[in-house]
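Spelled out, the chains give:
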Amino acid sequence: MARLNPDNLAHAEELIALYPHRRSALIPILHVLQEQDGYLSEDGMAHVAELVGLEPVEVRGTASFYDMFHFEPVGRYLVAVCTNIACMLQGAYRLLEHAEETLGVAPGGTTADGMFTLEDAECLALCGNAPCVTVNWRFFGDLDPPEFDKLVEDLRSGRLDGEVPAHGTLSRVRRRHALTAGGSAGSASDQAALPNAIQPESDTPESQGPDLPAPGTHLDLSTRRSTTATAVVDAKHLESPK
Amino acid sequence: MSETNSAVSQVADPADPGVVVHLRKPPVVTASAVGTAPPRTPSASDTVTVTIDGRQVQAKAGEWIIDAADQAGVYIPRFCYHPRMKPVGMCRMCLVEVEGPRGSTLMPACFNPVSDGMTLHTRSPKALKAQEGVLEFLLVNHPLDCPVCDKGGECPLQDQTLTYGPGETRFVEEKRHWDKPIAISELVYLDRERCIQCGRCVRFADEVAGDALIDFAERGDRTEVAVFPDSPYSSYFSGNVVQICPVGALTSKPYRFKARPWDLEQVETTCTSCAVGCRTVVQATQGQVTRLIGVDSDPVNWGWLCDKGRFSYPDASDAGRVSVPMIREGDELVESTWAEAIAKAASGISAALRFGGGSSVGVIGGARLTNEDAYVWSKFARVALGTDNVDAQLGDGLPAQTVLGLPRATIDQAAAAPLVITVGSDVKDELPVLYIRLRHAVLEGATQLVELNTTPTGLSPYAADTARYKPGELAALAVAITSKSEPTGPVAGVDASTIASIRGHISRAGREAGPSGPAVVVLIARPSLAENDEQVATAARILAEIPGVAFLSGLRRGNIHGALDMGMAPGILPGRVALDTARSYYEHHWAAELPAEAGLDTSGMLVDAARGHIGALVLLGSDPLVDFPDADGALRGLVGARFVVAVDTHLNESVRRADVVLPAAPWSQRRGTFTNLEGRVSWLGQVTSPGSAWPEWMIAVELAARLGVDLGYESPEGIWAEIEKLSPLHRGVTHEVLSGPYGRDGVVVPVGASGHSTAAVRPLDPMADPGISSAERHKVAASSLSYGRAGAGSSSAMKPAQPRTAQAPASDSGPDAQVEPATPPLVGLPPVPVPSPSKPAGSAVGGALTLVTRRKMWDGGTAVQSSTYLSGLAPPPVLVANPAELAALGVAEGEKVTVSSAKGSLTVAASADAGVARGIAVIAWNLPGGRVGELIDAGDRLNFVSVEPGGDK
């Protein structure tokens, strides 16, 4: 897949309509594109350039400023190991080296089976459970090398499918909803009903995958901030057969 | 020029109280600068007092500090700031200390306007420390490879590091490494590790040229200038980013590793690639031209050049260059000597003259000549050949009387007029730097653009209104938009609402026009080479009735306007006067009888030649086989002419058929003057030796001598002295004016009652015009920087070389004054055309498409094809038509089609463009592999083609 599919194209046009300048919708549309393909392909960026009235090189220039946009296909699981200070003091580099060994790739690389892409990251905001890792933006804290191996094994075997959707649904930004505060769409009751915290149980298998949610569905505004408590890998969780 | 004066303020140059200095208009923020708007857009016009380094100076309110300091002669170091682009404050090099109520603060001088009472220090300890710190940071990742870097010796980073830098680095870590160099286009290389992220190139591409094909990618110390994969920086203006790059990150393929800047000889001159006449510095080493650099001429090019002008210089390659005279022996041209070749040429011409008189000889071409050359050839044709069969155009332009008679505008006036109407040409392809100026004016909101064109052009995205009229119906459209009564229905295929909107623009322009400039400027050019000039000439005459209208000619070929002004057109004599009215004047001054009637134009000469009526034809830097719209007609003409003399720099196709070939000195090897499309006369400098080639005036003098006429010219300066005396158009434009400080921007002729323009002696930004500024700094080649060898007041080299056979001209004629004929008037407006009973417009067979053909910048012409660097840039020929048209023909995008007319056929690929109306087939003029001229019958009002799927049949 390369260019935006018809559904995403319609979504992109909605996003463009939110702004006085078409180009202002660039970043939100790039999220949609990355959600569709898992990364920003050249054809996709050229399509976005057409939509917002820029040259493709300007789209790529803007997108490449941000680490969370990918320009090469990434694995099913994007494993980011935090190496910022809190995690570093708790052995993040030992963990990262171990991860490199386990996965057989250097940071930035993808395993041959296309399952894992390893990244080293700056602070992921889980300092309380350092050293921490995110897998497709789901948190796993207090990891040591054996636990990391266990995590990898669980991911590989599909035991964590309920927790961690495949890469490609990682972008949860839905500006359509986020921007309703001062805009036309959305009512006060919508705002009130907007979940401030995401319930882990809302990540049911049927909400996974690259499909767009039905119109009107409330969506999380950001990554799974509240999943920290439940998603932290604890022995009980990992042992419970799925 | 007066509106320019009103837009700038004048202050005394502190260094030289006698010189009036004009401040440049501050950059203007356009809509495209979303998110990067500087703090305040300077707009106020009152003067403020600023204290710079303890000295009180006057500055324009709202002017950037860096500009005010430049005017005061205080140089503030800079990298990202460019006087012709919007400031961004990116490099922080221009930090200065500004005093404020809460202590002094550091501010970027390029991004903060002056205010009254402001006190700032550019060399205080605080400012120096900041500048030093910025330089140390810039050098963190910059390699110290100056000895092998092309920029070394003229590098702003190198220069400013020596002046403002820390001297030593504290950086011991490893610097960035990249693959190098990478080619970001066919002409430009990028060495990313040298880049200091000033953004000049990126901003130029987007803001000035409108081709945002390069941009920054990545972030922090990984930031790089990049192109999108498989999408090179193939802009018509890519060479400018090489010129304005303040480090050696961007280099041009033709110049890379060719020379060191301190080894270059240089001379300021005017580019003669097209009729815009951009000011430039041409640099040479070891007798070879190596590089051109744009010079900031305020009324013309603002320092920019197009790639064709920049890279198609002589010596870029020598493919097909003629350097020695040649004569025909059987089927071959063999090298000869000047004496033999001139004698042979003269005997051929005299034979023709004996046989058929003046009407049996003709001169085709002259647009590549200097004004002096054109004057001498114009006189040579009338006096020595006794013919008026002279035409600098090749049947591809406009009637000479239309070009010369219409009221003229300047580029500045067009950029400031409330309305600009473009008719016909694609300015971006044909007059590239004029496109930059007009685009800027539209984006700035200074003018609005209306386009009357059959097909989309480079300026179409900027047009407020676009009339896509039916080919061949331009005159009807012109009537509809100018007549008193509003049309009720569509005219020429343009709907009534568009016409009403254009009419609205014209009346708005009339209301908004300032007292000094024109309300409407019309850029008039031939809409298509596949239709004759009847419609556009009629339309020009109709549009000339718009109140307050002035015209810019869209003729594109080099010095075509100088050639026409010098009488290189039938019925026209030097000084923009008509043969009828000026005959006695020139017969008196030239002391010779002039032809009794107006002669033939190129088309007429070729037709006559094909009938065997032309005994001798001179090709004066022209290639009718390629440039005349009707290739078949041109071939018949050249074959039919009994004797052909070619005076040219290159062996083009027509020259190969000549009997005698005389090598002419190319542009960089001769002195003279040039006239651009505004009528602006500027001097051309000579930087390299002509070798065994001669300037064209010298060839005319020698030929005339063999024909028994002594023209008596010895130097271009002598010729110019005669032009200045005789030509009513050039009165007052003396050597002193042209070579003086005001001559850099040229002088628009005729000079008004107030004398020549005294605008603009400006400091040039050494970071923008490296070549000429170093010439000024080091006073390199001071003698060659002025036109002619003699300085003002010296008379030795400027002794007017009077024609020995002629009477002395007016000013020293003394006793003969009473018999001297009055100065003839300039050519006036052409007569209002009588609507001719429409001629049959070719043979429109069923399903036929109207052929529309125009020039591309990269084409099959000699200038492009003789250069190793440029020849590959010409795109393959394609047929562009409406998608529905192609669907109706059953042709897919990219598929081969055969395009045929009554004259011939051509196989090209098809391409769909919804912007092209149905019923039209667009093929660019004469790209390599697709000679559209073979389809065209020059006698037809319009040409039609039929298109069939499949290749050659």
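Residues numbered from 1 in each chain as written. Chains lettered and ligands numbered in written order. Predicted model: local features only at pLDDT ≥ 70, side-chain atom pairs only at ≥ 80, totals over all residues. Heavy atoms only, no water.

1. What about the overall build of chain A?
Along the backbone of chain A there are 11 helices and four strands. Evaluated residue by residue, chain A yields a buried proportion of 46% over its 242 residues. Long-range pairs, those at least 24 residues apart, make up 69% of the contacts in chain A between residues at least 6 apart in sequence. For chain A, the accessible area works out to roughly 11,600 Å², and carbon and sulfur atoms hold 54% of it. (Helix = DSSP H or I, 4+ residues; strand = E, 2+ residues; numbered from the N terminus. Buried < 20%, exposed > 50% of the residue type's maximum accessible area, 1.4 Å probe, protein only. Contact = heavy atoms within 4.5 Å. Areas by Shrake-Rupley, 256 points an atom, 1.4 Å probe, with all protein chains shown as cover.)

2. Here we look at the domain arrangement of chain A
Taken as a whole, chain A is organised into domain 1 (6-63) and domain 2 (77-157). Between the C-alpha centres of domain 1 of chain A and domain 2 of chain A the distance comes to 30 Å. (Domains from an automatic or database assignment.)

3. Brief notes about the packing of aromatic side chains
All told, the structure shown has 11 aromatic pairs over all chains when counted by the stated rule. Aromatic side chains A:Phe65 and A:Tyr66 sit 5.2 Å apart centroid to centroid with 70° between the ring planes, which places their arrangement in the edge-to-face category. Taking relative accessible area as the criterion, A:Tyr66 reaches 38% and is therefore assigned partly exposed. Residues A:Tyr77 and A:Phe116 carry aromatic rings whose centres are separated by 5.7 Å and whose planes lie at 35° to one another, so their mutual orientation is tilted. Of this pair, A:Tyr77 sits in strand β1 (residues 77-82) while A:Phe116 is found in strand β2 (residues 116-121), placing the two residues 39 residues apart along the sequence. Neither residue differs from the other here; A:Tyr77 and A:Phe116 are each classed as buried. Each member of the aromatic cluster is reached from another via a ring pair, and the members are B:Tyr375, B:Tyr585, B:Tyr586 and B:Trp590. (Phe/Tyr/Trp six-rings, centres within 6.5 Å; stacked < 30°, edge-to-face > 60°.)

4. Some thoughts on the packing of helix α1 (residues 6-17) of chain A against helix α3 (residues 42-52) of chain A
All names here are of chain A. Across the interface, α1 lies against α3 with an axial gap of 11 Å and an inter-helix angle of 40°. Here α3 runs oblique to α1, going by the angle between their axes. The crossing of α1 and α3 is right-handed. Here Leu9, Ala12, Glu13 and Ile16 of α1 lie close against α3, whose contacting residues are His47, Leu51 and Val52. For the contact of α1 with α3, the residue count by class is five nonpolar, one polar and one charged. (Axes fitted to C-alpha atoms, helices over the stretch in contact; angles between N-to-C directions. Parallel < 35°, antiparallel > 145°, perpendicular 65-115°, else oblique. Left-handed = near helix turned anticlockwise from the far one by under 90°. Nonpolar A, V, L, I, M, F, W, Y, C, P; charged D, E, K, R; others polar.)

5. What to know about the domain arrangement of chain B
Residues and elements named next belong to chain B. Parsing chain B into structural domains produces domain 1 (2-138), domain 2 (326-397 + 560-813), domain 3 (401-553) and domain 4 (849-949). Between domain 2 and domain 3, the contact holds 14 residues from the first and 14 residues from the second. Here domain 2 meets domain 3 over a buried area of about 1,200 Å², counting both sides, of which 60% is carbon and sulfur. At the junction of domain 2 and domain 3, the tally comes to zero salt bridges. Ranked by residues supplied to the side of domain 2 that touches domain 3, first place goes to helix α17 (residues 560-565) with three residues. Residue composition of the side of domain 2 that touches domain 3, grouped by class: five nonpolar, five polar and four charged. (Buried area = accessible area lost by both parts, 1.4 Å probe. Salt bridge = Lys/Arg side-chain N within 4 Å of Asp/Glu carboxyl O.)

6. Quick look at the packing of α1(A) against helix α2 (residues 26-37) of chain A
Residue and element names in this part refer to chain A. The interhelical angle for the contact between α1 and α2, taken along N-to-C directions, is 165°, at an axis separation of 9 Å. With respect to each other, α1 and α2 are oriented roughly antiparallel. Considering the relative orientation of α1 and α2, their crossing is right-handed. In contact with Asn8, His11, Ala12, Leu15 and Ile16 of α1, α2 contributes Pro28, Ile29, Val32 and Gln36. Residues that form the contact of α1 with α2 fall into these classes: six nonpolar, three polar and no charged.

7. A word on the interface of chain B and chain A
Facing 17 residues of chain B, the contacting portion of chain A comprises 15 residues. At the surface where chain B touches chain A, the tally comes to one salt bridge. One salt bridge in this structure joins B:Arg219 and A:Asp67, with 3.2 Å as the shortest N-O distance. Where chain B touches chain A, the interface holds three residue pairs in polar contact (both at pLDDT 80 or more). Contributions of two or more residues to the side of chain B that touches chain A are made by β10 (214-217) and β11 (224-227) of chain B. No other element matches β10(B), which puts four residues into the side of chain B that touches chain A. For the side of chain B that touches chain A, the class distribution of residues is 10 nonpolar, one polar and six charged. (Polar contact = N/O pair within 3.5 Å; in protein donor to acceptor, adjacent residues only side chain to side chain.)

8. With respect to a nonpolar patch on the surface
Residues and elements named next belong to chain A. Residues Ile85, Met88, Leu89 and Tyr93 make up a contiguous nonpolar surface patch of about 440 Å² in total accessible area. For the nonpolar patch, the element with the highest residue contribution is helix α5 (residues 85-89), accounting for three residues. With respect to the helices, strands and loops of the structure, Leu89 is situated in helix α5. (Patch = residues over 30% accessible without salt bridge, like charges linked within 9 Å, V, L, I, M, F, W, Y side chains within 5 Å.)

9. Some words on the side chain of B:Glu97
Residues and elements named next belong to chain B. Note that Glu97 resides in strand β5 (residues 95-98). Within the buried set, Glu97 has no salt-bridge partner at all; the shortest N-O distance to an opposite charge, 4.8 Å, is to Lys126. Engagement of the side chain of Glu97 in a polar contact is seen with the side chain of Ser124, the distance being 2.4 Å. Setting aside its immediate chain neighbours within four residues, Glu97 contacts Ser104, Thr105, Leu106, Thr119, Leu120, His121, Ser124, Lys126 and Ala127. (Lys, Arg positive; Asp, Glu negative; His and termini not counted.)

10. Quick look at the environment of B:Cys195
Residues and elements named next belong to chain B. Mapped onto the elements, Cys195 comes out in the loop between β9 (188-190) and α5 (200-208). On the accessibility criterion, Cys195 (12% relative accessible area) is buried. Counting along the chain gives 57 residues from Cys195 to Leu138, while the straight-line C-alpha distance between them is 9.2 Å. Contact partners of Cys195, with chain neighbours within four places excluded, come to Arg176, Val225, Val247 and Ala249.

11. Some details on the pattern of salt bridges
All names here are of chain A. With the rule as written, the count across this model stands at 48 salt bridges over all chains. Note that Asp161 is salt-bridged to Arg76, the shortest N-O span being 3.9 Å. You can see Asp161 sitting in the loop between α7 (145-157) and α8 (175-178) and its partner Arg76 sitting in the loop between α4 (56-63) and β1, a full 85 residues away along the chain. Residue class for Asp161 comes out partly exposed when judged on its relative accessible area of 31%. The shortest N-O distance in the salt bridge between Asp154 and Arg159 comes to 2.8 Å.

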